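These are the residues of each chain, in order.
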Amino acid sequence: MTSAAGRLDGLQRAAARVALKFAVDETIGDLSVETATKSSDVYVECGQVFLEEGSARSLRPSDAFVAKWVAPLPAELVPDRAPGGGYSMGIFEAIHRVWVTMGNKLYMWNYRAGCNPETSISFMQFDRAEHVLTSVALVRSKSHVFRDDVQYVLAVASQIQVTVVEVVISADDELSLKFTGLAAPSNNVSMLKIVGTHTGRVFCCGSDGELYELEYQAVDGWFTRKCRLVNCSAPRAAVIPSFAKWFASQDALTDAAIDESGWPTLYTLSQSSCIRAYDLGVDGVSVPVERTRLDRLWLDACTLCPNLARALNYTQDSSQIPPAAEVNAMFELLTVEMPAVGAVLGQLTTQQKWEALRQHNRVATKYIVGLCTVPAVDSARVRLIAITSGGYRLYFAVDATVTDGPVQQMSLVHVRAPPKGFVPSDIRPVLASCRGVFMFANPSGINTADVLHALTPDLSAAATSGAGQPFTELVSTLPMEGRVCAVAESGAMFRNMSAQVLPPGFSVQAGLFAPPAGRVSSRNELTCASGLDTRGHSFVLLTTSCVCELVKLRPEDQLYNILSSPDDSNMEWFYEFYGDLEAGAQCLAVACKTPEGEISEEAHRIAEAAVQAFYRHGGAPCFDASTPPPVPQALYLCATPTCPASVTFSARYEAALLYLARLLRPAWLLPVLRETFAGRPEWTTPEPQLASLQSSLVCLRFVVDTVLRTYAEAAITPQQTPAENGVYAGDGIIKRALSLQRRSLDEEAQRLEQQACAQLACLIDRALDAVRLLRILMDTRILDDSEEAVAAHVWSGIALCGQLKLSELDTRSLLSCRLAELACTTEGLALARRAVAVALNRAVVCDARAVAQQRKKSKHAGGSPAERIQTLTSPFVDGLSVKLSEACPSVHTAHNVRLFHGLNMLCRAHAFARMRHASDSALACQQEALAALKQVEETPIIDAAACMLDVGAYRSVVDLALTLAPLRDPLGLAVRFYKHHFPAVDVGGHRAYTARLECYQAILNVLDALRNGGVEGMNEEVIREHGSVLTQCHTSDDELLHYLLYQLYLTAGNTAALMKLHTNFVEGFLRTNAPHLLWKWLEERGRLREAADVLLGIIASREVPLPEKVMHLERALNLIASASGAPSDTKQIEIARLQLAILNELVGVTSEKAALARERLNTELLTVGQLLEYVAAFNMPHVHLRLLFVSGEVASTTQICGLWESAFVKDGGNLNAFADTVKTFGKKYFHSPIFPYEFLINWMEICNYVERASLPMADPSLPYRVVLLFVSEIGVPYPDVLEEYDAMYQCRPSVKDAAFWADVPKKLHLLQVIQFLVQRWVAQPRGGPRHAGEAAVMRDKAAQSLARYKVDLARWYMYEGTAALQRKFEQLSAHFT
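Owing to the predicted nature of the structure, the values given are computational and were not obtained by experimental measurement. (Residues numbered from 1 in each chain as written. Predicted model: local features only at pLDDT ≥ 70, side-chain atom pairs only at ≥ 80, totals over all residues. Heavy atoms only, no water.)

Q: Go over the overall build of the chain with me, naming the residues and quoting the values.
A: Within the chain, the secondary structure is distributed over 49 helices and 33 strands. By the burial criterion, 49% of the 1377 residues in the chain qualify as buried. Put simply, of all contacts in the chain between residues at least 6 apart along the chain, 64% involve residues at least 24 apart. When the accessible surface of the chain is totalled, it reaches about 64100 Å², and 54% of it is carbon and sulfur. (Helix = DSSP H or I, 4+ residues; strand = E, 2+ residues; numbered from the N terminus. Buried < 20%, exposed > 50% of the residue type's maximum accessible area, 1.4 Å probe, protein only. Contact = heavy atoms within 4.5 Å. Areas by Shrake-Rupley, 256 points an atom, 1.4 Å probe, with all protein chains shown as cover.)

Pasting the structure below:
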C-alpha cells in the first residue's frame, strides 16, 4: 500500500469511528427509545433550590437549577384571592410581560424592568372589553394586515366576543396597545384557551366543545366579514348558530397545543379527557381536518402502568385497609389541601377516611388537565404528552411507518408515574415542558405556597447504561413563594425546533459516514458545548407574589462550577455520575471553548484544569478482558494461532472522538451549498459557526498532539507481577511467560491506540482544512457570478488560465457534497481544488486587469520603464495562494502556489506585451512563469499554452510541454501503454497516456497556430519559427511525442516528410504502425535485405490481400536478388500469380466451399500441391496446365489431353475461344509437354469439320483456320504440321479418334487443308538456315505424299471438287520435281 493510499485509509477509518460516535447522542434524550421500556416511576432526587432574592449560596455538584433573579409582583397586581372567577394570570415571554385579567380589565407588566430596583414600576392597562375576560393569548400577526413593525397581536376573548389588539413595542421596550376594530362575536360561547401558529392563524377552544378559528383580514369581503369565528369541528357550519348551543352536549375544550416542528398538527383536550388531532396541511395553512380521536385511554393506561391502576382503584381490593396511622397521615394531607373536606369529614372512622381517600384519588387522577407536544427533533414517533390531574404523564406515538406524514393514527405507548411526594389535586396543577423538563406545582401544606417539582432527563444513566434501561429522571424540589400561576421557557415562542434535524439517508461510502436515525434530541444537554445546542434551559415562573427566572444547569455548567472551586473531590463525583466517556468529552468542551475577546486568567486556569482532568481520568487501552490472553508462543510446538482478543481504547481517546463528533455534526453531514427560494446557491453553514468550529478544532488538535507526544515519550511500564518477584517456585516459568504475554498485549494495545490517535489527528487536520477553505471561499465571494465579476478577462483582452466561476456541474456537486465528503474523499478533494482554482483565477485576472488599466498611465508616467513597471506589481495573487497553502495544505500545496504564481506571471506577460516600452518586462514575466510552471506537473498546460501563444512564445510552449510530460509520467507507462495497443486493463498506463497527451496537445496547438500564420500573419519569421519548433520536437528524446507526430504525418498523407526523417524512433514507429512504408524507408537507405525481410513479413500477414502479396513478393525477390547479385527466383512469382488466377476464377462462385477457398487463397500463399487440389476441385484446366508447367511435375499424355478437352468445354465449346487459348499457350509453352500440338491439331480439325458441316454458308476461310493457327500464330514447323495431317489422312493408330477421318468426304476435307498448307509453304519467301533445312524435309515429305493424294483423288472422281483439287496437286508437284 502506497503512502497516499495508507493515509486515505487511515483517514476514512477515523471518519468511520466518528460516524459511530454519532449514535451515542441518538438515544440520549430520544423519547422514542426511552418510552420503549416498561412504564416505571424511577426518579433520582437532585436537591432543592431556594428562591431567596440576593442569595449567594454556593452551588453543589448535583444542583440542577439555580435562581437567576426574583422580582416581586407589584402590589396592584397581587390578587386578594385565588385565581379564578374572572381573575387569571400568565406570562407573555416573547415580549417579557406578565398579564393579569381582573374582570373585564387586562394588565401587562414588564418583569424585566421589575428586576431593576432603580426602574419605576409601571404597567399597561387594556379596558376596552365590556364583559369578563375568559382567555388572552399573544400570537403572531398575519402578513399584509397590519404594519410591518407589528409582529404580535393580542387575541382577547370575553364572554360574548373575541377581539384582536395590536401590540407595538418600541426600541426602548415600551409597550403600546391599539384597538384594531377587529372583533368577532362568540354567541355566548366562552373561549377557554387560545393558541396561534407562526403564520398568524388563531384557534380558540370553546366551552361548547367546538374548535374555532379566528379569521381576520384588512377589509371586508363580498360575502365574509373581515373578522369572524369559523367552526372547525363542524366544517359545514361556517358561522356559529346561536340557537344550536342550547341543545348540544357541553364538553368544553380546556386546552390546545400546536406542533409545527414536523407536520403541522393541532391537538385539543376536552373536559372529559378526549384528545383530538387536527391536520393543518403540509404548509400549515389548510383547513383543519380531524385525523385522530382518543377518548378511551384508561384501560390501556392501567395495562401499561400498574401504579395508575392502583390509583384508580381498578385492581386494589377495598377490604384491605392500610394501617390507621398511614390512613390518618394521608387524610391530614388531604384536609390541608382541601379544608372544606376536613371540616365536614373530620369525625370519620378510619374505614370512612379510607373510602374518602379512594374516591378523591380516582377523581384527582383520572382527568387529563394538560397537553405538551414533542418536537420532531426529540422523537421520531412520540408526538404528544398528556398530564393527568394526578401527575401521570401519558406518551402518545404515531405509527412507525408514517412518521413523516400527517397524524393518521396515534396510540398510548408509555405511562410515567409522578415522583414520590406529589399529592394529586383537582384544583389547579401547573406544568410546563421544555426539552424534557417537566414542572408540577404541588401544595406544600401551606395555603399560600406551592412546591414546584422539576423533572429532567437523567443523562448520566443514559450515557453510562445505554439503551434498554428504565426511563430515569432527576427530581428537583423548588419551594415557591405563593401559588404558581404560570411557567414559560425563555425565548421559546415560535422556535423552530426542527432546525437540528439531520438529512436522512446520507451515505458516502458503506460504513464510512453512514448516519444514524438522523435526529439529535434537544433534550440531550451533553451536546450543548459542541455547538449542537448552545441554548440553556431558562424558565420564567409566575406566582401570586413574584416573578423569577430559573436556569437549568447543563453538564458543562456543572463542570465549570466544579473547576472553578478549589475542591477537587467534586471532579470524582462528576466522572462517576456521567461516566468516563461523557465526562472526558465535557472536559474537552470546557477546555476547547474559546470565548470572544481576550482570554482571562481565570478562563485559562479553568481550561488547564479541564485538560488535566481529561488526562488524569483517561485510563489506558487494553484488550477485552472477556477474552483470555493467548498462550505464549514458547508453549506451542507448532505455529502460533492468531489472537482472538479485541482491543478496547482508553476513555481519553474515546472521549476525544466523541467530542470531535459533536463538534463536526452541525456541519459535517450538511451539504456545502443549498439553494435559496430564488434558485441561487448560498453557503449552508454561516461563517461565524465555521469560525467557532475552527477555533474548537484547533484546540482539540493541540490536545491530540499532546496525547501523541505522550505516547512517543513514555513507554508502558506495567507493575511487577508476583511471578517476576520469584514467588512461584514450581510453575514460575509459566506465570512469568503469561506476565510477559500480558505486557506484550498492553504494548500492542498502546500501539493500536497511538495509531488510532494519529488517524484522528489526520481527520482533524482535514476537517480544519475544509473549514478554513470554506471561510476563505466565502471571503473571496466565489459564489458571486455577476457579469462584472466574471467579465474582467473580456474587458482587458487577457487570455484566461482557467475558469472564472464555478461550473454548473461543480455547483451541483457542492449542493450535494457534504462537508464530510469534502474533507475525507478524493472526489471531495478534487472538487475543493477546482473551487480554489476558480478563486485564484479570479485573482489572477483581476491582477492582470489592474496592469492593463495602468496602460494609459504608463505611457505618460515619468521615470525609467523599470520604475514604471515596478508600480504595477501586486502581491495579491501570491498572498492569497500562500494563505490557502498555509490554511489548507491538503487542498492547496506548495506546488499549487508555484502553479498560480506562474499563471499570474503569464497573465502579466500578456498585459505587458500590449503596453508600450514593456517588451523586456513581458519577456521577464514569461521566463519567470516558465520557470515556475516547469516545476508543477498539475500545470494546466492547455490554458498556459494559450497565454504563451498570445505573446508569441512558441518554443516556450514546447519547452514547457516537454518538461511536464515526464513529470506526469515518471515511469514511462504511457509508451508501454501505446506499444501494447492500449490494453483496457492497464489503468495506470491509460492515466499516464492521457496526462502526456494533454502536453502534446499544447505542442500541436503551437504547430496549428504557426501553420495559420501565427499572431501577426504568415511571413518568413513564422515559417522559420515553424521549422524551429519541428526541429525542437524531432530532436527531443520524448519517444511518445515522436510517435504522435509521425501519426499525424500519416493521417495527413504527408508520407514524404516522414520518409525524410532520420530520428531514432522512425524505424520503430514504421515497424509497428506502417510496415508498408518501412521497406521503402529501408530501401532508400540501401538496406535492401532488411527491406526484403519487411516485405516478406507483410506477405506473411493474413490481413494483406493476395494481390498485394504477389506484388510485395515480386518486389522482395528483386531486392534479394539485388542484395546478393544473383538472379531472382521466378518460380515463386509464377506460382503466386497462378494462385491469384485461381482466386479470380472463384470470384463468381457462390458455394460455401468456394467461399472457404477464397478466404484461404486471399490470406496465405499456398504450395503447388495445395493449388492443384483447388484447380481439380473447381475444374480450372487452364490454370492446371500452367501449374504443371511451372512445377515441372510429370503428367501423362492422356491427362494432358483430358485437360485440353476440359479447357475446350470451359471455353464453352467455342472453337474461336478455344483457338485463343491454344494460341496463348502455344506461344509460351510450344516446346513443353503441356502443349501436345499433334493432339490439338487433330482435335481442333475435327471440331472445325463439324462446325463447317453445320454451317454450309460459312466463311470460306473456315477450313483453314486451324492450320493457320498453328503455322502462322503459334509457329509450328510446316513439315510437322504436314506430317500430322498426313497421319490423320492415313488414320494412323497414333492419331486419337482416327476412325473419324475414314470417310471419303472427311478425307477430301483433309486434302483441301493439306493443299492449302503446301500452297502456303510454297508461297513463303525462302532464306536462312532454318528454312533451308525445313525445305529439304518439306520437299521429301511433300513429294511422297502428293503422289499418293493424286492417286486417291483419281479414284474419287465421282465426288464434287475432286477434279479441281487434283489439278492443284498437279501444279504443286511441279514445285517438288
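Q: Run through the pattern of salt bridges, naming residues and quoting values.
A: Per the stated rule, a full pass over the model turns up 48 salt bridges. Across the pair Arg-996 and Asp-969 runs a salt bridge, and its minimum N-O distance is 2.9 Å. You can see Arg-996 sitting in helix α30 (residues 987-1011) and its partner Asp-969 sitting in the loop between α28 (954-968) and α29 (973-979), a full 27 residues away along the chain. Residues Arg-996 and Asp-969 agree in their burial class; the two are buried. A cluster of three or more residues bridged by salt bridges with shared partners is formed by Glu-1283, Asp-1286, Arg-1292, Lys-1341 and Arg-1348. (Salt bridge = Lys/Arg side-chain N within 4 Å of Asp/Glu carboxyl O.)

Q: Describe the environment of Asn-1162, with residues and values.
A: With respect to the element layout, Asn-1162 can be found in helix α39 (residues 1152-1163). Overall, Asn-1162 belongs to the partly exposed group, its relative accessible area being 26%. Each C-alpha atom of the pair Asn-1162 and Pro-1105 lies 5.4 Å from the other, and the pair is 57 residues apart in sequence.

Q: How would you explain the environment of Gln-926 if you had to name every residue and give the values?
A: In this fold, Gln-926 is placed in helix α26 (residues 919-933). On the accessibility criterion, Gln-926 (12% relative accessible area) is buried. For Gln-926 and Gly-902, which are 24 residues apart along the polypeptide, the C-alpha to C-alpha distance reads 8.6 Å. For Gln-926, the contacting residues outside a window of four places in its chain are Ala-909, Val-951, Ala-953 and Ser-956.

Q: Describe the confidence of the model for the chain, and please don't skip the residues or the numbers.
A: Confidence along the chain averages 76 in pLDDT terms, with 76% of residues attaining 70 or more. Within the chain, the lowest mean pLDDT, 41, falls on helix α18 (residues 792-796), and the highest, 94, falls on strand β12 (residues 202-206). In the model, residues 628-644 has pLDDT below 50 throughout and makes 13 contacts with residues more than four positions away in sequence or in other chains. (pLDDT = per-residue confidence, 0-100.)

Q: Tell me about the packing of aromatic side chains, and name the residues and values.
A: Counted according to the given criterion, the structure contains 30 aromatic pairs. On the basis of an interplanar angle of 80 degrees and a centroid distance of 6.0 Å, the ring pair of Trp-1204 and Phe-1235 is categorised as edge-to-face. Of this pair, Trp-1204 sits in helix α42 (residues 1197-1210) while Phe-1235 sits in the loop between α43 (1215-1229) and α44 (1237-1254), and the two are 31 residues apart along the sequence. Just as Trp-1204 is buried, Phe-1235 falls in that class too. Ring geometry for Phe-1208 versus Trp-1243: centroids 6.1 Å apart, planes at 85 degrees, classification edge-to-face. (Phe/Tyr/Trp six-rings, centres within 6.5 Å; stacked < 30°, edge-to-face > 60°.)

Q: How would you summarise the sheet that holds strand β8 (residues 152-158) if you had to cite specific residues and measurements?
A: Read across the open sheet, the 4 strands follow the order β7-β8-β9-β10; overall the sheet is antiparallel. For this open sheet the edge positions go to β7 (133-140) and β10 (175-185), each flanked by a neighbour on one side alone. In this sheet, neighbouring strand axes are inclined to one another by 25 degrees on average, regardless of whether the strands run parallel or antiparallel. Pairing of strand β9 (residues 161-169) with β10 involves 9 bridges; the strand directions are antiparallel. Bridging across to β10, Val-168 finds its partner in Ser-176. (Pairing = 2+ DSSP bridges. Axes fitted to C-alpha atoms, helices over the stretch in contact; angles between N-to-C directions.)

Q: Which residues make up a nonpolar patch on the surface, and what are the values?
A: A contiguous nonpolar patch, built from Tyr-1357, Met-1358 and Tyr-1359 and spanning about 360 Å² of accessible area, is present on the exposed surface. Its place among the elements puts Met-1358 in the loop between α48 (1329-1355) and α49 (1362-1375). (Patch = residues over 30% accessible without salt bridge, like charges linked within 9 Å, V, L, I, M, F, W, Y side chains within 5 Å.)

Q: Any details on the pairing of strand β20 (residues 382-388)? Residues and values, ideally.
A: Looking down a regular strand, the side chains alternate between one sheet face and the other. The buried count for β20 comes to 7 of 7 residues, which makes it a mostly enclosed element. Taken together, the 5 bridges between strand β19 (residues 368-373) and β20 define a ladder with antiparallel strand orientation. Directly across from Gly-370, in β20, lies its bridge partner Ile-387. Bridge count for β20 against strand β21 (residues 393-398) is 5 bridges, and the pairing is antiparallel. Bridge pairing in β21 places Ile-387 opposite Arg-393. Adjacent in sequence and paired antiparallel, β20 and β21 are bridged by 4 residues, among which Gly-391 carries a positive phi angle near 90 degrees.

Q: So, the nonpolar core: which residues are in play, and what are the values?
A: Ranked by internal contacts, the top residues of the largest apolar core, which has 168 residues, are Trp-668 and Leu-697. No other element matches the 15 residues that helix α16 (residues 732-779) contributes to this core. Sequence-distant contacts of Leu-697, that is, excluding residues within four places in its chain, are made with Leu-660, Leu-663, Leu-664, Ile-764, Ala-767, Leu-768 and Val-771. Counting residues in each nonpolar core, the second largest holds 65 residues, with Tyr-1278, Val-1304, Met-1338 and Leu-1372 among its members. (Core = buried A, V, L, I, M, F, W, Y, C linked by side-chain atoms within 4.5 Å.)

Q: Could you give me a rundown of the sheet that holds β21, with the residues and numbers involved?
A: Sheets are built from strands that pair by backbone hydrogen bonding, the pairs being arranged parallel or antiparallel. One open sheet accounts for 4 strands, arranged β19-β20-β21-β22; its pairing is antiparallel. A single partner strand is all that each edge strand has here, and the edge strands are β19 and β22 (410-416). Taking each pair of neighbouring strands and ignoring which way they run, the sheet shows an average axis angle of 25 degrees.

Q: Pulling in residues and values, what's your account of the packing of helix α41 (residues 1181-1191) against α42?
A: Running from amino to carboxyl end, α41 crosses α42 at an angle of 145 degrees, the nearest separation of the two axes being 8 Å. Contact with α41, carried on its side by Pro-1181, His-1182, His-1184, Leu-1185 and Leu-1188, involves Gln-1199, Ile-1200, Leu-1203, Trp-1204, Ser-1206, Ala-1207 and Lys-1210 of α42 and no other residues of that element. Grouping the constituent residues of the contact of α41 with α42 by class yields 7 nonpolar, 4 polar and 1 charged. (Nonpolar A, V, L, I, M, F, W, Y, C, P; charged D, E, K, R; others polar.)

Q: Just give me the short version of the packing of helix α25 (residues 894-913) against helix α27 (residues 941-950), but keep the residues and values in it.
A: Two numbers describe how α25 lies on α27: the axes approach to 9 Å, and their chain directions differ by 25 degrees. With respect to each other, α25 and α27 are oriented roughly parallel. Of the two possible hands of crossing, α25 and α27 adopt the one that is left-handed. Residues Leu-903, Leu-906 and His-910 of α25 lie in contact with α27, whose contacting residues are Ala-944, Cys-947, Met-948 and Asp-950. Counted by class, the contact of α25 with α27 contains 5 nonpolar, 1 polar and 1 charged residues. (Parallel < 35°, antiparallel > 145°, perpendicular 65-115°, else oblique. Left-handed = near helix turned anticlockwise from the far one by under 90°.)

Q: Could you give an account of the environment of Val-936, with specific residues and numbers?
A: Assignment of secondary structure puts Val-936 in the loop between α26 and α27. Relative accessible area serves as the criterion here: at 0%, Val-936 is assigned to the buried category. Ignoring sequence-local partners within four residues, the contact set of Val-936 consists of His-895, Arg-898, Leu-899 and Leu-964.

Q: Talk me through unusual backbone geometry; I want residue IDs and the actual numbers.
A: Of all residues except glycine, most have a negative phi; of all peptide bonds, most are trans. Positive phi, close to 65 degrees, is recorded for Ser-273, a residue that is not glycine. For Ser-273, the position within the fold is in the loop between β16 (265-270) and β17 (275-279). Positioned with a positive phi, Asp-1297 is a non-glycine residue whose angle comes to about 60 degrees.

Q: Lay out α43 with the relevant residues and their values.
A: If you check α43, its first and last C-alpha atoms are 20 Å apart, about what 15 residues at 1.5 Å a residue would give, namely 21 Å. For α43, every residue scored as buried is listed here: Leu-1215, Phe-1218, Ala-1219, Thr-1221, Val-1222, Phe-1225, Gly-1226 and Tyr-1229. Along the long axis of α43, the arc covered by the buried residues comes to 160 degrees, so they all point the same way. For α43, exposure combined with an orientation more than 90 degrees from the buried face picks out Thr-1224, Lys-1227 and Lys-1228. Close packing links the buried residues of α43 with α41, α42, α44 and α45 (1265-1274). Backbone nitrogen of Asn-1216 and a side-chain oxygen of the N-cap are separated by 3.0 Å at the start of α43; the cap is Asn-1214. (Expected span 1.5 Å × (residues − 1). Arc of directions from axis to C-beta. Polar contact = N/O pair within 3.5 Å; in protein donor to acceptor, adjacent residues only side chain to side chain.)

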